Amino acid sequence: AQSVAQPEDQVNVAEGNPLTVKCTYSVSGNPYLFWYVQYPNRGLQFLLKYITGDNLVKGSYGFEAEFNKSQTSFHLKKPSALVSDSALYFCAVRDEDSGYALNFGKGTSLLVTP
Amino acid sequence: NAGVTQTPKFRVLKTGQSMTLLCAQDMNHEYMYWYRQDPGMGLRLIHYSVGEGTTAKGEVPDGYNVSRLKKQNFLLGLESAAPSQTSVYFCASSHDVIVSTGELFFGEGSRLTVL
């Protein structure tokens, strides 16, 4: 089955510093990878996706992600963190065996301090 | 354009009671999904549907039933609620893979507590 792993339960970063939220994947075939963000008591919002092409994918709110095939990783990055970026971040991979559902990681809580 | 709408947003049940969660989407999406979210466990797929009149089991289907009688609606039923079903439930939808590369659109969630 297609799966992703998020090794960090929480990431803390100071406002203005760069941030990285890690994700590794395990798939058969070419991966379709996604990042979503969830603010408190809200649904999940799509940030970006990797399908094919450039390894650096740009998304919403200044976020980007780097696809690394040799390390089977898809880390989320932002050059300068904002306090408003504090939220729960989910990495996901498309699963063709489940109606093209997304299989999600357990999530990483990002806390940006002033 | 409302997107994906879930009702109700909150519900408290007693063990053994039944209820139905309704998901409605106005984007003419073929695929619809029900997930549950529990702390530290991410989102887990309960059931999904790849078109009107079709449903299939996901990762954690036990204790739930679903129906997709109309393309825009996907219902999740609990026949006899158990405390283990206390969770936040999310509905999502997407275009079929011919049209889309796969992002899902989510509702705002339904928080269910079973006492």
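Below: a short report on this structure.

Evaluated as defined, the whole model comprises two disulfides over all chains. Here C23 of chain A connects covalently by a disulfide to C91 of chain A, the sulfurs 2.0 Å from one another. Residues C23 of chain A and C91 of chain A are joined by a disulfide whose S-S torsion is about -60°; by sign, that bridge is left-handed. Of this pair, C23 of chain A sits in the loop between β3 (19–21) and β4 (24–26) while C91 of chain A is found in strand β10 (residues 87–95), placing the two residues 68 residues apart along the sequence. Judged by relative accessible area, which is 0%, C23 of chain A ranks as buried. Across the disulfide from C23 of chain B sits C91 of chain B; the S-S distance is 1.9 Å. Residues C23 of chain B and C91 of chain B are joined through a disulfide that is left-handed, its torsion about the S-S bond being -75°. Highlighted residues: C23 of chain B in strand β3 (residues 19–25) and C91 of chain B in strand β9 (residues 87–94), separated in sequence by 68 residues. A residue is classified by how much of its surface remains accessible, and C91 of chain B, at 0% relative accessible area, is buried.

Judged by nonpolar contacts, the single largest core of 26 residues is most densely connected at L33, W35, L47, L48, F74, L76 and Y89 of chain A. Top element by residues in this core is β10 of chain A. It accounts for four residues. Excluding anything up to four places from it in sequence, L76 of chain A contacts L19, T20, V21, W35, L47, L48, F63, E64, A65 and Y89 of chain A. Counting residues in each nonpolar core, the second largest holds 20 residues, with V4, W34, F74 and L76 of chain B among its members.

Attention shifts here to the interface of chain B and chain A. With 22 residues of chain B at the contact, the number on the chain A side is 23 residues. Interface of chain B and chain A: buried area, both sides summed, is about 1800 Å²; carbon and sulfur atoms make up 54% of it. Inspection of the region where chain B meets chain A yields two salt bridges. A salt bridge links E103 of chain B to K49 of chain A, with the nearest nitrogen and oxygen atoms 2.7 Å apart. Taken together, the connections running from chain B to chain A amount to seven residue pairs in polar contact (both at pLDDT 80 or more). Among the secondary structure elements, those contributing two or more residues to the side of chain B that touches chain A are β4 (31–37) and β5 (43–49) of chain B. Sorting elements by how many residues they give to the side of chain B that touches chain A places β4 of chain B first, with four residues. Looking at side-chain class alone, the side of chain B that touches chain A contains twelve nonpolar, seven polar and three charged residues.

Cut-offs used in this document
Residue positions are counted from 1 within each chain, in the order its sequence is given. Chains carry letters and ligands carry numbers; both start at the beginning, A for chains and 1 for ligands, and go up in the order they are written. At least 70 in pLDDT is required for a residue's local features to be given in this predicted model, at least 80 for side-chain atom pairs to be given and counted, and no such filter applies to totals for whole chains, interfaces and linings, which use all residues. With hydrogens and water set aside, each side-chain value is computed from the structure's full complement of heavy atoms. By definition, disulfides here are pairs of cysteine sulfur atoms that lie within 2.5 Å. Secondary structure elements are defined from DSSP: runs of H or I of at least 4 residues count as helices, runs of E of at least 2 residues count as strands, and each element is numbered from the N terminus. Between buried and exposed lies partly exposed: a residue is buried under 20% and exposed over 50% of the maximum accessible area for its type, with that area taken using a 1.4 Å probe on protein chains only. The nonpolar core is taken to be a set of buried Ala, Val, Leu, Ile, Met, Phe, Trp, Tyr and Cys residues, with the residues joined through side-chain atoms within 4.5 Å. In what follows, residue pairs with any heavy atoms lying within 4.5 Å of each other are defined as contacts. The buried area of a pairing is the accessible area, by a 1.4 Å probe, that goes missing from both parts when the two are put together, added over both. Within this document, salt bridges are pairs made up of a side-chain nitrogen of Lys or Arg and a carboxyl oxygen of Asp or Glu, the two lying within 4 Å of each other. Any N or O atom pair separated by 3.5 Å or less is treated as a polar contact, with the protein-specific requirement of one donor-capable and one acceptor-capable atom, and with residues adjacent in sequence counted only for side-chain atom pairs. Side-chain classes are defined by residue name, with Ala, Val, Leu, Ile, Met, Phe, Trp, Tyr, Cys and Pro counting as nonpolar, Asp, Glu, Lys and Arg as charged, and the others, Gly among them, as polar.

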